[in-house]
Structures are given as C-alpha cells and as structure tokens.
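# Coordinate inspection notes
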Amino acid sequence: MPEAAVRAFGEGEDRLTLRLLTRAQDAHVVGGVAWAALERLRGLVLIHMLREVEGTFALERADAVLDAAGQVRPDLDWLEEPPPGGP
C-alpha cells in the first residue's frame, strides 16, 4: 500500500489518492492479485468521489480476480490502516 496514498486519503485529498493508487497499480501485472487489490481501492475511492459508474466497473474487474484467487476484498479501511503485506 503506498504510504502517500494513505496520507492523502486521511487528509481528504481524494484526487491525489486516486492518482497515487493508479501509479502504484501501474507497477503490477494487469490481472494480478496486487493489481486487483489496488483496482478495488481505486473503485472505492471513485465511488467516494461520487463517480459511481467508474467505481462500480473497477470493483467488478477487481472482485473477479480477487475471488478467483481466494483473496480478501480490500475496503476503504485499508486506506486508513493498511494490513501488513498489503499491495
């Protein structure tokens, strides 16, 4: 989890949070678990920003990968206190 994204979210900087999550996601293989965890967080931030359609599509993409891999689905709490070893 990018520490800068956690800080930005805590400070109410949603656009910066989204940008930082996207940059972190770009470092991972599309369709991988780490990519999907970051995609899910991006989707939740988009919904938080009232961009529900984009956010919902991001959740659908991410959840399919995470469910197939048997991984937990990150929620916005991850941006408040990330679990150890998170994306």
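I will try to describe carefully the structure that is included in this document. The model shown is predicted, which means the values in this text are computed figures rather than measured ones. (Residues numbered from 1 in each chain as written. Predicted model: local features only at pLDDT ≥ 70, side-chain atom pairs only at ≥ 80, totals over all residues. Heavy atoms only, no water.)

## A look at the overall build of the protein
- Along the backbone of the protein there are 4 helices and 0 strands.
- The linear arrangement of helices and strands in the protein, starting from the amino end, is α-α-α-α.
- Compactness check: the protein gives a C-alpha radius of gyration of 12 Å against a globular reference of 12 Å for 87 residues, within 12% of the reference.
- Principal-axis analysis of the C-alpha atoms gives the protein an extent of 35 × 30 × 20 Å. (Helix = DSSP H or I, 4+ residues; strand = E, 2+ residues; numbered from the N terminus. Rg over C-alpha atoms; globule rule 2.2 N^0.38 Å.)

## Points about the pattern of salt bridges
- Summed over the entire model, instances satisfying the criterion amount to 6 salt bridges.
- For Arg 40, the salt bridge goes to Asp 63, with nearest N and O atoms at 2.5 Å. Taken together, the residues Arg 40 in helix 3 (residues 33–48) and Asp 63 in helix 4 (residues 52–68) connect sequence positions 23 residues apart.
- According to the relative accessible area criterion, Arg 40 is buried, its value standing at 11%.
- Taking relative accessible area as the criterion, Asp 63 reaches 11% and is therefore assigned buried.
- Where Arg 73 meets Asp 67, a salt bridge forms, and the shortest distance between an N and an O atom there is 2.5 Å.
- Via salt bridges that share partners, Arg 40, Asp 63, Asp 67 and Arg 73 belong to a single interconnected network. (Salt bridge = Lys/Arg side-chain N within 4 Å of Asp/Glu carboxyl O. Buried < 20%, exposed > 50% of the residue type's maximum accessible area, 1.4 Å probe, protein only.)

## Comments concerning the packing of helix 3 against helix 4
- Helix 4 packs onto helix 3 with a crossing angle of 155 degrees between their chain directions and a minimal axis gap of 7 Å. Taken together, the axis directions place helix 3 and helix 4 in an arrangement best described as roughly antiparallel. Crossing angle aside, the handedness with which helix 3 passes helix 4 is left-handed. Across the interface between the two elements, Val 33, Trp 35, Ala 36, Ala 37, Glu 39, Arg 40, Gly 43, Leu 44, Leu 46 and Ile 47 from helix 3 touch Glu 52, Glu 54, Gly 55, Thr 56, Ala 58, Leu 59, Arg 61, Ala 62, Asp 63, Val 65 and Leu 66 from helix 4.
- Here the residues of the contact of helix 3 with helix 4 are counted per class, giving 12 nonpolar, 3 polar and 6 charged. (Axes fitted to C-alpha atoms, helices over the stretch in contact; angles between N-to-C directions. Parallel < 35°, antiparallel > 145°, perpendicular 65-115°, else oblique. Left-handed = near helix turned anticlockwise from the far one by under 90°. Contact = heavy atoms within 4.5 Å. Nonpolar A, V, L, I, M, F, W, Y, C, P; charged D, E, K, R; others polar.)

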